[in-house]
Amino acid sequence: MQLDAAIRRMMAKPSVTTWTRLEPQPRDASMTRSLQAQVRDPLWMLARQWQVGEFLGADAGSPVQATMAGETQTVTTYQPGSNASTTMALDASLPLEVHVERESVALKLRGSVQLGFYFESLVQQSGIVGADAIIAAFRLAFPISPNVPDPTYAPVDAVRFRALMAGRVTDGEALYASALAVAAGQTPAIPLPAAASDPGMPAVLASFVAYRQSLFSEPQSDAAWQDTQLDYSFALGSPAPGRSLLLNAPAFPGGHLDWYSFALIPDANNPLASSNPAQITPFTLNFLPNHVTFRGVHDPRWWTFEDSVTDFGQLNAEQVDLAKLLVMEFALIYGNDWFSVPVPAGQGDLSRIATLVVTDTFGIRTLIRPSEDTTVNAGEAPWSMFKLSGNGVRSDFIVLASTLGVVEEADAIEEVQFLRDDMAAMAWAVENQLQGDLDAAVDGQEAYVRWLQSNPVPPPPQATADGPQIYYTLEIPAPNNWIPMVPEQGPNGALYLRRGTMVIPTTSGPYTVTGRAELLDPGQPFFLLDHVVPRSGVLADRYFRRARSASGNTLVWLARKSGPGKGPGWSGLRFDVVRQETPAPSP
């Protein structure tokens, strides 16, 4: 059939399509009865009650009032390390992590140049007569040296930057050290020039020192880092008449600090107990208990559909996952049977509850006892959480440590990996990253490769026609960023790992390898307890942290942290090696 004929046939039979629209016709303008969602089937209600287990319930009242009595006790002293003689008053203006972790900051080339420009701008803005001559005198007294202190850890951009800044700006970090010593009445390593006594210069120097001190939070004499253990050790004291408490944190690796970091030592000796007594404040509170809420809790409203944000059905629990099974049982079955009572507590204070009385809807008052009063089997301990405890002792106090919330952490400027080397029967401290001339991290392995280019190892001998084809090598050394940690026994019988040295032969003569990282305490004997370095190793970092305190002040400090390593390793150190000689070139 032709297309035109088919179209004409379809147009000869027109079609009319209609739709029927259904609209409600309310008899009343009010929606009150409709919103009641009335159910006129009593059997449905009974089945619903049976379904949710309401017929199995016992007569009980809901809590409507909680009366609580307790007390708070302030923390007033801080003890870095384990020596009680170092106890000092706690600085309440600093968060606890800052107080514990901070250490002195030593800026290198980049920081020195920035501080030098700031000092010279202060001189220019002060209006002192002859400012240019004064700046020239300080540049002469505190110059930026054109010579690189350690070419091994000075990349090309650092060398160029040093050459550019030499003679053009004051070394601000060296000036700060001298000005700080003069302000303390000490003799500086580099004396100030005569221009420092010009009118107006004392105020400029004081302003410069204050600016440098405001950049970082640095300790005076309260460093808590323990080199022998690669962690922090400190204690907080709360001395009170008849009840002197010491919260000991003997192994804080750095990072986030909380209540579980402390162990309780009751009746401890506190040298500052008389001058810094703790304040004990009793309190009495009345509260309306609230249901415990958490993510995924079933909704208490009858007609509310629960969302699927938390799917407990996706939890795969094995028979040995007791903690996971307990959490699931609490969340799915007993979650709405628990109530919480808010307790206001001061930041950094110790708090304890003396009595808690709950009144229900029937007017019955019930005394809630601590969980430690529960009768347990012989050899078992009662369950408790958040409360301070120690070696065989337990306290009613909980601590709300004055810690930080959100913290910004910079990349590590120094990273040292401690690892075991079973082939060499020793350990190594591998300097993966070191603080370079530009105050940024320099890769230790890349620096070693650059060092080999300027300090190559002696070439192997060439074979001769009538001579031997092999040669003997006494030692194949490890890279110069692998610092040996030699086992050694202390006077008390304890095993230590002592930082040693290593000699690498080069074409220009023997080169002695020594530790450069501040984590290895260069210039001082360094000992590390043997058990601190397990088979998995330890990874230690130095890095900057930045946070805002409760008062709104911005704090920047240099911290350390330690954590699990990456397992054992091999340095490549070998002795008594026989190798093939290099073939002689063909004529």
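Everything that follows concerns the structure shown earlier in this document.
Since this is a predicted model, take the numbers as computed values, not measurements.

A.B. asks: Can you walk me through the pairing of strand β24 (residues 538–548) in this structure?
C.D. replies: When a strand is regular, its side chains alternate between the sheet's two faces. Counted residue by residue, β24 has nine buried out of eleven residues, so it is predominantly covered. Pairing analysis gives three bridges linking strand β14 (residues 407–409) to β24, with the strands arranged antiparallel. Each residue of the ladder has a partner; that of V407, found in β24, is A547. With eleven bridges connecting them, β24 and strand β25 (residues 554–564) associate as antiparallel partners. Within the sheet, the bridge partner assigned to R542 lies in β25 and is R560. The loop that links β24 with its antiparallel partner β25 comprises five residues; one of these, G552, has a positive phi angle of about 95°.

A.B. asks: So what exactly am I meant to see when it comes to a nonpolar patch on the surface here?
C.D. replies: Together, L43, L46, W50 and F55 make up an exposed nonpolar region whose accessible area comes to about 520 Å². Inspection of the secondary structure puts F55 in the loop between α3 (42–51) and β1 (63–73).

A.B. asks: Honestly, the environment of A249 in this entry has me stumped. Any pointers?
C.D. replies: Structurally, A249 is set in strand β6 (residues 245–252). In this structure, the C-alpha to C-alpha distance between A249 and F234, residues 15 residues apart in sequence, is 5.4 Å. Those residues in contact with A249 that sit more than four places away from it in its chain are Y232, S233, F234, S261 and F262.

A.B. asks: Is there a simple way to think about the side chain of S261 in this case?
C.D. replies: Positionally, S261 belongs in the loop between β6 and β7 (263–266). The contacts of S261, once residues within four sequence positions are left out, are N248, A249 and F252.

A.B. asks: I tried to follow unusual backbone geometry on my own but got confused; where do I start?
C.D. replies: Excluding glycine, residues mostly carry a negative phi; peptide bonds, for their part, are mostly trans. Despite not being glycine, D521 has its phi angle at roughly 50°, a positive value. Residue position: D521 is located in the loop between β22 (509–513) and β23 (527–529). D521 sits in the partly exposed class, given a relative accessible area of 25%. Within the chain, D576 stands out as a residue other than glycine whose phi angle is a positive 55°. Of note, D576 is situated in strand β26 (residues 574–580).

A.B. asks: Looking at this structure, I do not really get the packing of helix α5 (residues 109–125) against helix α9 (residues 201–215). What am I missing?
C.D. replies: For any two helices packed against each other, the geometry comes down to the angle between their axes and how far apart the axes lie. The interhelical angle for the contact between α5 and α9, taken along N-to-C directions, is 145°, at an axis separation of 10 Å. For the crossing formed where α5 meets α9, the hand is right-handed. Counted together, L115, Y118, F119, L122 and V123 of α5 and M201, V204, L205, S207, F208, Y211, R212 and L215 of α9 form the full contact between these two elements. A class-by-class count of the residues in the contact of α5 with α9 yields eleven nonpolar, one polar and one charged.

About the cut-offs
- Note on numbering: residues in each chain are counted from 1, in written sequence order.
- Only residues with pLDDT of at least 70 get local features here, since the model is predicted, and only at 80 or more are side-chain atom pairs given and counted; chain-wide, interface and lining totals rely on the full set of residues.
- The side-chain values count all of the structure's non-hydrogen atoms but skip hydrogen atoms and water molecules.
- A 1.4 Å probe rolled over the protein chains alone gives each residue an accessible area, and that area as a share of the maximum for its type sets the label: buried under 20%, exposed over 50%, partly exposed in between.
- Going along the chain from the N terminus, every DSSP run of H or I of four or more residues is numbered as a helix, and every run of E of two or more is numbered as a strand.
- Strand pairing is defined by DSSP finding a minimum of two bridges between the two strands.
- Candidates for patches are residues over 30% relative accessible area with no salt bridge; among them, like charges are joined within 9 Å and nonpolar side chains (Val, Leu, Ile, Met, Phe, Trp, Tyr) within 5 Å.
- Accessible surface area values rest on a Shrake-Rupley calculation with a 1.4 Å probe, where residue burial reflects the displayed protein chains alone.
- When a carboxyl oxygen of Asp or Glu is within 4 Å of a side-chain nitrogen of Lys or Arg, the pair counts as a salt bridge.
- Pairs of residues are marked as contacts when any of their non-hydrogen atoms sit within 4.5 Å.
- Fitting a line to C-alpha atoms yields each axis, with helices limited to the stretch in contact; the angle taken between N-to-C directions then spans 0 to 180 degrees.
- Handedness of each helix crossing follows the sense of rotation of the near helix against the far helix: counterclockwise by less than a right angle gives left-handed, clockwise gives right-handed.
- Here the nonpolar group is Ala, Val, Leu, Ile, Met, Phe, Trp, Tyr, Cys and Pro; Asp, Glu, Lys and Arg are the charged ones; every other residue, Gly included, is treated as polar.

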